[in-house]
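Geometric and topological summary
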Amino acid sequence: MSNCSYTIWGSELSPFALKLCALMDYAEQPYRRLPDEGTRLESIFTGLRLTIGKYKRSIERYPKLSPLDEYPLVPYLIEDGLRFQYDSSSIASWLDDRSEDHSRLLIPSQGSLKFIVRLIDEAFDEFGLYMVHHQRWVTSAATNNAGARLAHEFRQLLPFFCKNLLAEYFSQRQVRRLPYLFSVAPYAPSPWAGWPATHQLLDEAWLSYLNAMETLLSSQPYILGGRFTLADASAYGQLSMNLKDKTTSDRLLELAPVTHRWLCHIRDGGHVGSDGDLVLSTKLKPLLDIIMMTFVPLMEQNKSAYSEAVKSGETLFNEAAFNHGKCLYAGELNGHAFRSVVKTFQVEVWQGVCENWKQLSDAERNLLKSFLGDASCVFESQMCS
């Protein structure tokens, strides 16, 4: 990889920033974190360039930007202070394509392994995000200090008297956004009155994911075997987000001590240099089962809702549509009803997963069916679409 300087614009509150840091650590690419580690002037100008890049839609997503993409708040990878790119999974592909060591790729080249890595990565990114935000802002509501931590990280961009205001505003904003992030309380007040409660769904799913990870990591060091991959980065990013949310962290340590140690191991850089073999183990099955029960049907329902919305002439999607009460749809996961907004970036995610399935050989698909079970028929149905 060329001798460049790298900066990650983001916050430790973001699971995607944590994931990106773990990816860069594994690739042994040193980086700085802004705005936390920058000067006031450097942080202001970087933030300004980022804002302009979003407005001009000039910030890149490897290998190319899609009309369905939506720029996030964080994180962004900055190369030599000039080139901005986003999307941690795409950056993993970018890192692999620039790496000279093809024995330690973040995304394995072998078809069935590649598909499983991509599937686990997207499942944690899209559905795992809902679980961990629920854990932070509901389970750990009385013990998390996320607002204060964010204000400290962004202190260079704030007048000195605004830190407490930002901390309070951010916490209140995140609680208000919870229904957008799939977390609706029982007996929710207006404007969410009548929306199905999802707290039980998210709690049950979090426990199932934890149990699956505990089973897997009790028998091997990483999700796919002997070394770190993009699948590990995604699981780490989401689950480690709660390590500083006291109530959830204590609960995680009690329920899944092996997983808790694994998260701390990656946080402390222990995954750097891992180079064991990758295998499709039967120990993966509990994790794949819960992914097929949560992520896959959610993506299918979102895709169907998007198709119906486009047919009816809708053009506003994602959080902007949510804020206006548009493009909402009703669905069901694991026997629990939910309501959500159509998300175009999830449409793109699902298209990518299905395209990866289509690219497999018949032998690779048959092998994966033994791991994915009857639920794999959803991928088969995409073969003719």
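This is a predicted model, so every value here is computed, not measured.

Overview of the overall build of the protein
- Of regular secondary structure, the protein possesses 16 helices and 6 strands.
- Computed over the C-alpha atoms, the radius of gyration of the protein is 20 Å, within 12% of the 21 Å expected from 2.2 N^0.38 for a compact globule of 385 residues.
- A principal-axis box enclosing the C-alpha atoms of the protein has dimensions of 60 × 55 × 45 Å.
- With 385 residues in all, the protein has 56% of them scored as buried.
- Taking the contacts inside the protein whose residues are at least 6 apart along the sequence as the reference set, 73% of them involve residues at least 24 apart.

Details of unusual backbone geometry
- Along the chain, Leu34 connects to Pro35 via a cis peptide bond; the corresponding omega equals 5°.
- Mapping Pro35 onto the fold places it in the loop between strand 2 (31–34) and helix 2 (40–56).
- For Arg57, which is not a glycine, the phi torsion comes out positive at approximately 55°.
- Counting through the fold element by element, Arg57 comes out in the loop between helix 2 and strand 3 (76–79).
- Even without being a glycine, Cys327 presents a positive backbone phi close to 55°.
- With respect to the secondary-structure elements, Cys327 resides in the loop between helix 13 (318–323) and strand 5 (328–333).

Topic: the pattern of salt bridges
- Tallied over the full model, the rule gives 24 salt bridges.
- Between Asp125 and Lys19 there is a salt bridge, with the nearest N and O atoms lying 2.7 Å from each other. Here Lys19 lies in helix 1 (residues 15–26) and Asp125 lies in helix 4 (residues 111–139), a separation of 106 residues in the sequence. Taken individually, Asp125 and Lys19 each receive the classification buried, so the pair is uniform in this respect.
- A single salt-bridge network, built from bridges that share partners, covers Glu12, Arg136, Arg149, Lys244 and Asp245.

Comments concerning helix 7 (residues 199–217)
- Its 19 residues place the ends of helix 7 27 Å apart at the C-alpha level, agreeing with the 27 Å of an ideal helix rising 1.5 Å per residue.
- Buried within helix 7 we find His199, Leu201, Leu202, Ala205, Trp206, Tyr209, Leu210, Ala212, Met213, Glu214, Leu216 and Leu217.

Overview of the environment of Glu12
- For Glu12, the location among the structural elements is in the loop between strand 1 (6–9) and helix 1.
- A relative accessible area of 22% places Glu12 in the partly exposed class.
- When the C-alpha atoms of Glu12 and Pro75 are compared, they prove to be 9.7 Å apart, with 63 residues separating the residues in sequence.
- Apart from the residues lying within four places of it in its own chain, the contact partners of Glu12 are Leu18, Arg33, Arg149, Glu153 and Lys244.
- Among the polar contacts listed, one links the side chain of Glu12 to the side chain of Arg149, at a separation of 2.9 Å.

Regarding the packing of helix 4 against helix 14 (residues 344–358)
- The contact between helix 4 and helix 14 brings their axes to 10 Å, and the two run at 160°. One element, helix 4, and the other, helix 14, form an angle in the roughly antiparallel class. As helix 4 runs across helix 14, the sense of the crossing is left-handed. Two secondary-structure elements touch here, helix 4 through Phe115, Arg118, Leu119, Glu122, Glu126 and Tyr130 and helix 14 through Phe345, Gln346, Val349, Val353, Asn356 and Trp357.
- Grouping the constituent residues of the contact of helix 4 with helix 14 by class yields 7 nonpolar, 2 polar and 3 charged.

Concerning the pairing of strand 2
- Examined bridge by bridge, strand 1 and strand 2 share 4 bridges and lie parallel to one another. From the neighbouring strand, Trp9 faces strand 2, where its bridge partner is Leu34.
- Running through helix 1, the crossover from strand 1 to the neighbouring parallel element strand 2 is right-handed.

Side note on the sheet that holds strand 3
- On the basis of which strands lie adjacent, the open sheet formed by 4 strands has the order 2-1-3-4 and mixed pairing. A single partner strand is all that each edge strand has here, and the edge strands are strand 2 and strand 4 (83–86). If you compare each strand with its neighbour and ignore which way they point, the axes differ by 25° on average.
- Bridging between strand 1 and strand 3 involves 4 bridges; their strand directions are antiparallel. Each residue of the ladder has a partner; that of Thr7, found in strand 3, is Ile78.

Quick notes on the state of the cysteines
- According to the stated counting rule, one finds 0 disulfides in the structure shown.
- With no disulfide of its own, Cys264 lies closest to Cys21 among cysteine sulfurs, the gap being 16 Å.
- With relative accessibility at 16%, the residue Cys264 sits in the buried group.

Here's the deal with the pairing of strand 3
- The alternating pattern of strand 3 places Tyr76 and Ile78 and Leu77 and Glu79 on opposite faces, both of which are buried.
- Inspection of the sheet shows strand 3 paired to strand 4 by 4 bridges, in the antiparallel sense. Among the inter-strand pairings, Tyr76 is bridged to a residue of strand 4, identified as Tyr86.
- Hairpin connection between strand 3 and strand 4: a loop of 3 residues separates the two successive antiparallel strands, and Asp80 in this loop has a positive phi of roughly 55°.

Quick notes on helix 3 (residues 88–98)
- Burial runs high along helix 3: 9 of the 11 residues are buried.
- Residues of helix 3 that are buried: Ser88, Ser89, Ser90, Ile91, Ala92, Ser93, Trp94, Leu95 and Asp96.
- As for helix 3, its buried residues are in contact with strand 1, helix 1, strand 3, strand 4, helix 4 and helix 8 (230–240).

Observations regarding the nonpolar core
- Of all hydrophobic cores here, the largest spans 102 residues; its most connected members are Leu119, Ile120, Phe127, Ile223, Leu287, Phe295 and Phe379.
- The leading source of residues in this core is helix 4, at 13 residues.
- Sequence-distant contacts of Leu287, that is, excluding residues within four places in its chain, are made with Ile120, Phe124, Tyr209, Ala212, Met213, Leu216 and Ile223.
- The next biggest cluster of nonpolar side chains, apart from the first, holds 17 residues, and it includes Leu50, Tyr76, Tyr86 and Phe170.

Procedures and definitions
- Residues numbered from 1 in each chain as written.
- Predicted model: local features only at pLDDT ≥ 70, side-chain atom pairs only at ≥ 80, totals over all residues.
- Heavy atoms only, no water.
- Helix = DSSP H or I, 4+ residues; strand = E, 2+ residues; numbered from the N terminus.
- Rg over C-alpha atoms; globule rule 2.2 N^0.38 Å.
- Buried < 20%, exposed > 50% of the residue type's maximum accessible area, 1.4 Å probe, protein only.
- Contact = heavy atoms within 4.5 Å.
- Salt bridge = Lys/Arg side-chain N within 4 Å of Asp/Glu carboxyl O.
- Expected span 1.5 Å × (residues − 1).
- Polar contact = N/O pair within 3.5 Å; in protein donor to acceptor, adjacent residues only side chain to side chain.
- Axes fitted to C-alpha atoms, helices over the stretch in contact; angles between N-to-C directions.
- Parallel < 35°, antiparallel > 145°, perpendicular 65-115°, else oblique.
- Left-handed = near helix turned anticlockwise from the far one by under 90°.
- Nonpolar A, V, L, I, M, F, W, Y, C, P; charged D, E, K, R; others polar.
- Pairing = 2+ DSSP bridges.
- Right-handed = clockwise from strand over helix to strand, strands pointing away.
- Disulfide = S-S within 2.5 Å.
- Core = buried A, V, L, I, M, F, W, Y, C linked by side-chain atoms within 4.5 Å.

Shape descriptors only; they carry no functional weight alone.
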